[in-house]
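This is what each chain is made of:
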Amino acid sequence: DLNYLANCQLGLLSILGDNSENVWLKTEPLLKNAVLKRYPPAMMLYLSIAINPDFKTSITPDEIIFVSKKYDIQYAPLAYIIGYYYLGMSNTKDALAQFQTAARHNYAPALNALGSIFQNGIGVPKDMKKSYEFYKKSADLGYGIAEANLFSFYVNGGPIPKDEAKAFLTTKKLAEINNPIAIH
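Analysis parameters
- Residues numbered from 1 in each chain as written.
- Predicted model: local features only at pLDDT ≥ 70, side-chain atom pairs only at ≥ 80, totals over all residues.
- Heavy atoms only, no water.
- Helix = DSSP H or I, 4+ residues; strand = E, 2+ residues; numbered from the N terminus.
- Expected span 1.5 Å × (residues − 1).
- Buried < 20%, exposed > 50% of the residue type's maximum accessible area, 1.4 Å probe, protein only.
- Arc of directions from axis to C-beta.
- Contact = heavy atoms within 4.5 Å.
- Phe/Tyr/Trp six-rings, centres within 6.5 Å; stacked < 30°, edge-to-face > 60°.
- Axes fitted to C-alpha atoms, helices over the stretch in contact; angles between N-to-C directions.
- Parallel < 35°, antiparallel > 145°, perpendicular 65-115°, else oblique.
- Left-handed = near helix turned anticlockwise from the far one by under 90°.
- Salt bridge = Lys/Arg side-chain N within 4 Å of Asp/Glu carboxyl O.

Now, about helix 10 (residues 164-176): what can you tell me, with residues and values included?
In a regular helix each residue adds 1.5 Å, so 13 residues correspond to 18 Å; helix 10 covers 18 Å between its end C-alpha atoms and thus fits that length. For helix 10, the set of buried residues is Ala167, Thr170 and Leu174. Axial view of helix 10: buried residues confined to an arc of 65 degrees, hence all on one face. In helix 10, the exposed positions that point more than 90 degrees away from the buried face belong to Ala165, Phe168 and Glu176. Of the surrounding elements, those touching the buried residues of helix 10 are helix 9 (144-156).

Next comes the structure, spelled out in structure tokens:
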């Protein structure tokens, strides 16, 4: 409901505007209330904050993850944030599962993360073909970082032949969105 969304937005704006503990103390109850009511955007925002060591939160990241699993909350941005939380904890198996959950909902950042995981062999065997496919799908959804990742495939080849024309077009797209890769 809109009241929860407003609380989430108010919390985010307060935190972004002033990083002080005082603002967090005022804002946390709004977000906590929305989290306890299992509102996915609030859970995602709160988790993003809870994994930051600069903020003291009354709900731990593991509690948010527990609630999201218990109630089978299928919210791609939340799964994506949980994936990065697990990745930071060196839990690549659960990170991969969360990114895959978000990717099933065509969440472009998660598709890009999977591309990176397969490109670098993080918890999985390196697979440049899969990496390219995830980057491509993410880029097709308009995710600029994935465009930049595809650029390296077009320039260097790998699972696809080198393609100077696509490299040029990708550079042009990146320049249009002011991506620093286009400068090089």
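Could you give an account of the packing of aromatic side chains, naming the residues involved and the relevant values?
All told, the structure shown has eight aromatic pairs when counted by the stated rule. Ring geometry for tyrosine 84 versus phenylalanine 99: centroids 5.0 Å apart, planes at 70 degrees, classification edge-to-face. With a gap of 15 residues between them, tyrosine 84 in helix 5 (residues 76-88) and phenylalanine 99 in helix 6 (residues 92-104) connect regions that are remote in the sequence. On the basis of relative accessible area, tyrosine 84 is assigned to the partly exposed category, the value being 40%. A relative accessible area of 0% places phenylalanine 99 in the buried class. Taking the centre distance of 6.0 Å and the plane angle of 45 degrees together, the rings of tyrosine 85 and tyrosine 86 count as tilted. Across the pair, exposure class does not vary: tyrosine 85 and tyrosine 86 are buried alike. By way of ring pairs, the aromatic residues Tyr80, Tyr84, Phe99 and Tyr107 are connected into one cluster.

Lay out the packing of helix 9 against helix 10 with the relevant residues and their values.
Relative to each other, helix 9 and helix 10 sit at 155 degrees, their axes nearing to 9 Å. Judged on the interaxial angle alone, helix 10 and helix 9 are roughly antiparallel. Crossing handedness for the pair helix 9 and helix 10: left-handed. Taken together, the residues of helix 10 that come into contact with helix 9 (itself represented by Gly144, Glu147, Ala148, Phe151, Tyr154 and Val155) are Lys166, Ala167, Thr170, Thr171, Lys173 and Leu174.

Before we move on, can you summarise unusual backbone geometry with the specific residues and values?
One non-glycine residue with positive phi stands out, namely serine 90, at about 60 degrees. By the element assignment, serine 90 lies in the loop between helix 5 and helix 6. Despite not being glycine, asparagine 106 shows a phi value in the positive range, around 55 degrees. Tracing the sequence through the fold places asparagine 106 in the loop between helix 6 and helix 7 (108-120). Taking the relative accessible area as the measure of exposure, asparagine 106 reaches 39% and is therefore partly exposed.

Summarise the environment of tyrosine 39; cite the residues concerned and give the values.
Within the secondary structure layout, tyrosine 39 lies in the loop between helix 2 (21-36) and helix 3 (40-50). Given a relative accessible area of 16%, tyrosine 39 falls into the buried group. Separated by 34 residues in sequence, tyrosine 39 and isoleucine 73 place their C-alpha atoms 9.0 Å apart.

Go over the pattern of salt bridges with me, naming the residues and quoting the values.
For the coordinates displayed, the defined rule picks out two salt bridges. In this structure, glutamate 133 and lysine 129 form a salt bridge, with 2.9 Å as the shortest nitrogen-oxygen distance. Residue glutamate 133 and its partner lysine 129 are located together in helix 8 (residues 128-140), separated by four residues, close to a single helical turn. On the accessibility criterion, glutamate 133 (41% relative accessible area) is partly exposed. With a relative accessible area of 53%, lysine 129 lands in the exposed category. Here lysine 136 ties to aspartate 140 by a salt bridge, and the two come within 2.9 Å at their closest N and O atoms. Within this pair, lysine 136 and its partner aspartate 140 are both found in helix 8, separated by four residues, close to a single helical turn.

Interpretation note: all reported values are geometric properties and have no functional meaning in isolation.
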